[in-house]
Amino acid sequence: MNAQLSSSLRSSINGSSISKPTINFSILETLLQKCRYLEHFNQLHSQMIVSGFINDTYAASRLLRFSTTSHFVGLDYSRSILNQIGNPNGFIWNTMMRAYVGKNSPQETIFLYKFMLKENFAPDIYTFPIVVQACSLRFSDKEGEQIHSHALRMGFHSDVYVQNTLINMYAVCGRLSDARQIFDRSLLLDSVSWNSILAGYVQAGDVEEAITIYSRMPEQNIIASNSMIVLFGRSGRVDDACRVFNEMIHKDLVSWSAMISCYEQNQMFREALMIFTHMNDEGVDMDEVVMISVLSACSNLLVIKEGNVIHGLILRLGFESYVNLQNALIHMYASCTDLTAAQNIFQKSQILDEVSWNSMITGYLKCGLIGDAKILFDAMPKKDVVSWSAMISGYTQQDRFSETLALFHEMQLTETKPDEITLVSVISACTRLFALEQGKWVHAYIRKNRVKINVILGTTLVDMYMKCGCVENALEVFNGMEEKGVSSWNATIVGLAMNGFVEESLEMFSDLKKYGVKPNDVTFVGVLGACRHVGTVNEGCHHFNSMTQIYNIEPNVKHYGCMVDLLGRAGLLREAEELIGNMPMKPDVATWGALLGACKKFGDAEMGMRIGRKLIELEPQHDGFHVLLANIFASKGRWDDAMEIWGMMKQNRIKKTPGCSMIEVEGVVHEFLAGDRTHPQTQDIDNMLVEMARRLKMAGYEPRIDEVAFDIEEEEKETNLHRHSEKLAIAFGLISTSPPMPIRILKNLRICIDCHTAAKFISRIFGREIVVRDRCRFHHFKDGLCSCADYW
């Protein structure tokens, strides 16, 4: 083949070494067409150099044109041809610059343009659209402005093609006022001009200006109409998108795709499927984009039957090898919990990217198969932030908070930057583990890396600090948030109340209203909870009534539960029972349980026994209700009835939930059960317990043995008062931390009266602030007093 090319080239040349040779250009075109491989082209190029025909402008331009459009000749090779041409004309320069733009190397276009000017070669009218387009691709408005000046000086600025590329360049770079100025001053506007300025407003999301331009267009072509459908879809104006779509006389694939995406983006998934069916009935050709949108709709609707139909259509059209479609199918089947189908696609795929792996991992997590998800996660050849975030969120959702933090630390070693979802999950895990130091570290990481604190992330931080008893830190985050949602206010209102800052909590509710934020049902759970913590019955009733009368919010079972607890804690047992009887919905066990606890507190044995037996019938496996009822019987000396309850618990194998307290020291969370002797520092803890008991006795503390007498059975007899879980945690805190650091403890149950009394004494004797978060609220012990004012 090489020999044939050489021979043909030589035979096409006429003349001698003295006269200037000429070339048969038709033969040259034939030879170029015969070039199938780089070696053929290289041979032809070499012959032209040797013969000197590379200096023939037309021949050189044809050679360069072929090289820039050929798939087997690289741009560097084409540039070397340009460098060999002795006197390139405008067509040659433009050909090379256009090639750079076409191969997504706009910076090389700009460099070549500057080199052309340096060589004193003047650009022509065809040069400027190419160079301006390169500036658009680079989002370089400054360079574009310079090119614009060149066009003005050379008088090419009024050319419609130059104007159109300038309009597009300024619009792409976000300088719509400049684009509009060129557009408005243009004497000649074609469809490209209108489409370019419209595309600029669409890209900027300026709906009103886009509507104005669209309405002024001499001809609302398909491209413009499609752009408007896209814009309306992004802006949530579905009806306007439908109107434009229905008014279109001619629709192309993009029109249908834009309308389907519009419905899908606005969570109108059934409508997306309906229009897809209509599109299919019309016989419109499908593409990958349409299929992905429709599969997304199937995933959100959890309609696997329709998903199967789409899968079949994909197979018939031969799209099954498209990796994006494979990922969409994996996600659809995983969302519909058909993991077998998802696994089949995943395992048969020839090409797998991070999305493929992440879709499969997410599917396992959605089905609760966190072990399978972790195996796949560990096998991933390359993990991205989505992979890490999915696994970390999965552990959090499964209440495996220690694994959440461990995996996050592992992520840090890979230098993968966490996203908002990751950070929210990690902070939530710190909250649940009462791991304040680790939570503070995450917050420091956010500040150091200048992560934007949006509503979700900020609210999660506020919640973490509030639930760790750090009110000042929580308020600092809240006050520093640029944007606050109602959830942010709710977390602050609830957190302040939980920490004993009831007055501040209610003031925050007043501020919420002043800022024009509309409270929701969660807000009133916080407000009523604040009233409940201090027993302000009248104020609680006022807020409860205002829900329907002022804010048009119907109270739910949680609001009624708060009111029952509020009345019960205040000793208004009959009123509380009457409120339960008047509830518009069936009371839950928590509401009855609140009243039962109040009966025990105020010694109303008759009501307590009646409600206690009702609760045991409703929740026969609930240990707390059995214990409360047995204590009520015991408090009235009805030991036979109390023993009957213990017997029922034993017969039904109901075990009392053991007291458990957690404390974080130097980033490590330590857990103690009542009577625990498994901690590595048990001996040191025992020594401190002895010292605590000695100093407590000297201070006048008397153990509340009556609490033990009413609290059950053999487990309590073995676990005496001074080995309750919170006392163990306090002892460990005293030997492991130094003042002024507070001792922070998380308790799974309500703190008992004896531990509450002891903690007040210890805070004064040892000069340490002790913060205990029990099942209901916070207790800040300091100088012998508690923030709850002994009302809990």
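In this report, we go over the structure that sits alongside the text. (Residues numbered from 1 in each chain as written. Predicted model: local features only at pLDDT ≥ 70, side-chain atom pairs only at ≥ 80, totals over all residues. Heavy atoms only, no water.)

Along its length, the protein carries 44 helices and eight strands. For a compact globule of 792 residues, the expected C-alpha radius of gyration is about 28 Å, and the protein comes in at 38 Å, more than 25% above that figure. Across its three principal directions, the C-alpha atoms of the protein cover 130 × 60 × 55 Å. The proportion of buried residues among the 792 residues of the protein is 51%. In the protein, once contacts between residues fewer than 6 apart in sequence are set aside, the share between residues at least 24 apart is 61%. With the model as given, the accessible surface of the protein reaches about 38,400 Å², and the carbon-plus-sulfur share is 51%. Distance between charge centres in the protein, computed from 77 positive and 91 negative side chains, equals 3 Å. (Helix = DSSP H or I, 4+ residues; strand = E, 2+ residues; numbered from the N terminus. Rg over C-alpha atoms; globule rule 2.2 N^0.38 Å. Buried < 20%, exposed > 50% of the residue type's maximum accessible area, 1.4 Å probe, protein only. Contact = heavy atoms within 4.5 Å. Areas by Shrake-Rupley, 256 points an atom, 1.4 Å probe, with all protein chains shown as cover. Lys, Arg positive; Asp, Glu negative; His and termini not counted. Charge placed at Lys NZ, Arg CZ, Asp CG, Glu CD.)

A cis amide bond, omega 10°, links proline 739 with the succeeding residue proline 740. In this structure, proline 740 sits in the loop between helix H43 (725–736) and strand E5 (743–747). We note that threonine 337 has phi near 60°; this positive angle belongs to a residue other than glycine. With respect to the secondary-structure elements, threonine 337 resides in the loop between helix H20 (323–335) and helix H21 (339–348).

Glancing now at the state of the cysteines. Counted under the stated rule, the structure contains zero disulfides. You can see cysteine 367 has no disulfide; the closest cysteine sulfur is in cysteine 336, sitting 10 Å from it. Looking at the unpaired cysteine 470, the closest cysteine sulfur is the one in cysteine 468, lying at 6.3 Å. (Disulfide = S-S within 2.5 Å.)

Before going further, it helps to examine the environment of valine 303. Looking at where valine 303 falls in the secondary structure, it is placed in the loop between helix H18 (288–301) and helix H19 (304–317). By relative accessible area, valine 303 is classed as buried at 11%. Measuring from C-alpha to C-alpha, the distance between valine 303 and serine 51 comes to 70 Å, with 252 residues separating the pair along the chain. Those residues in contact with valine 303 that sit more than four places away from it in its chain are Arg270, Leu273, Cys298 and Cys336.

Applying the stated rule across the entire model yields 21 aromatic pairs. Seen from their ring centres, tryptophan 489 and tyrosine 515 are 5.7 Å apart, and the 45° between their planes marks the pair as tilted. Residue tryptophan 489 is found in helix H30 (residues 486–498), and its partner tyrosine 515 is found in the loop between helix H31 (502–514) and helix H32 (521–534); the two are separated by 26 residues along the sequence. On the accessibility criterion, tryptophan 489 (5% relative accessible area) is buried. On the basis of an interplanar angle of 70° and a centroid distance of 5.6 Å, the ring pair of phenylalanine 509 and phenylalanine 524 is categorised as edge-to-face. Taken as a pair, phenylalanine 509 in helix H31 and phenylalanine 524 in helix H32 lie far apart in primary sequence, 15 residues in all. Across the pair, phenylalanine 524 and phenylalanine 509 agree in class, each one buried. (Phe/Tyr/Trp six-rings, centres within 6.5 Å; stacked < 30°, edge-to-face > 60°.)

Turning our attention to empty space enclosed by the protein. Applying the stated criterion across every chain, the model contains one cavity of 30 Å³ or more. By volume, the largest cavity is sized at about 40 Å³. Phe672, Asp676, His679, Thr682, Ile685, Asp686, Arg723 and Leu728 are the residues that line the largest cavity. With three residues, the top contributor of residues to the lining of the largest cavity is helix H40 (residues 682–698). Taken together, the residues that form the lining of the largest cavity break down as three nonpolar, two polar and three charged. (1 Å grid on protein atoms, 1.4 Å probe; cavity = no way out; pocket = protein on both sides within 12 Å on 5 of 7 lines; lining within 4 Å. Points joined across faces, edges and corners; volume = space filled by probe spheres on them. Nonpolar A, V, L, I, M, F, W, Y, C, P; charged D, E, K, R; others polar.)

Right, let's get into the pattern of salt bridges. Side chains that carry opposite charge are capable of pairing whenever their charged atoms lie near each other. Going through the model one piece at a time under the given rule, you end up with 26 salt bridges. Between lysine 727 and aspartate 754 there is a salt bridge, with its nearest N and O atoms 2.7 Å apart. Taken together, the positions of lysine 727 in helix H43 and aspartate 754 in helix H44 (residues 753–765) put the pair 27 residues apart, joining distant regions of the chain. The same class applies to lysine 727 and to aspartate 754, which are both buried. Sharing partners across several salt bridges, the network here consists of Glu208, Arg237, Asp240, Arg243 and Glu247. (Salt bridge = Lys/Arg side-chain N within 4 Å of Asp/Glu carboxyl O.)

If you check H43, its first and last C-alpha atoms are 16 Å apart, about what 12 residues at 1.5 Å a residue would give, namely 16 Å. Burial within H43 is extensive, with 10 of its 12 residues counted as buried. The complete set of buried residues in H43 reads Ser725, Glu726, Lys727, Leu728, Ala729, Ile730, Ala731, Phe732, Gly733 and Leu734. Where the residues of H43 are buried, they touch strand E3 (660–665), strand E4 (668–673), H40, E5, H44 and strand E6 (770–773). (Expected span 1.5 Å × (residues − 1).)

Helix packing for two helices is described by the angle between their axes and how far apart those axes are. Orientation of H32 relative to helix H34 (residues 557–569), taken along the N-to-C sense of each, is 5°, at an axis distance of 9 Å. Taken as axis vectors, H32 and H34 run roughly parallel relative to one another. Across the interface between the two elements, Asp521, Phe524, Val525, Leu528, Gly529, Cys531 and Arg532 of H32 pack against Lys558, His559, Cys562, Met563, Asp565, Leu566 and Arg569 of H34. (Axes fitted to C-alpha atoms, helices over the stretch in contact; angles between N-to-C directions. Parallel < 35°, antiparallel > 145°, perpendicular 65-115°, else oblique.)

This part is about the side chain of serine 186. Residue position: serine 186 is located in the loop between helix H11 (176–185) and helix H12 (191–204). Separated by 3.1 Å, the side chains of serine 186 and glutamine 163 make a polar contact. (Polar contact = N/O pair within 3.5 Å; in protein donor to acceptor, adjacent residues only side chain to side chain.)

The subject of this paragraph is the sheet that holds E5. Here six strands make up an open sheet; going across it, the order is E4-E3-E5-E6-E7-E8 and the pairing mixed. At either end of the open sheet lies a strand with only one pairing partner, and these are E4 and strand E8 (785–786). Across four bridges, the pairing between E5 and E6 is parallel. Bridge pairing in E6 links isoleucine 745 to valine 772. (Pairing = 2+ DSSP bridges.)

Bringing the pairing of E6 into the picture now. Side chains Ile770 and Val772 project from E6 onto one buried face, and the interleaved Val771 and Arg773 project onto a second face that is buried too. Once you follow E5 into H44 and on to E6, the crossover reads as right-handed. In the sheet, E6 pairs with strand E7 (residues 778–782) via four bridges, with the strands oriented antiparallel. Residue pairing across strands places isoleucine 770 opposite phenylalanine 781, the latter belonging to E7. Here E6 folds back onto E7, and the loop between the two strands holds four residues. (Right-handed = clockwise from strand over helix to strand, strands pointing away.)

The next subject is the nonpolar core. Counting 216 residues, the largest nonpolar core has Phe41, Leu198, Met259, Phe276, Ile361, Met391 and Leu595 as its most contacted members. If you look at the next biggest cluster of nonpolar residues, it comprises 32 residues, including Leu728, Ala731, Ile762 and Ile770. (Core = buried A, V, L, I, M, F, W, Y, C linked by side-chain atoms within 4.5 Å.)

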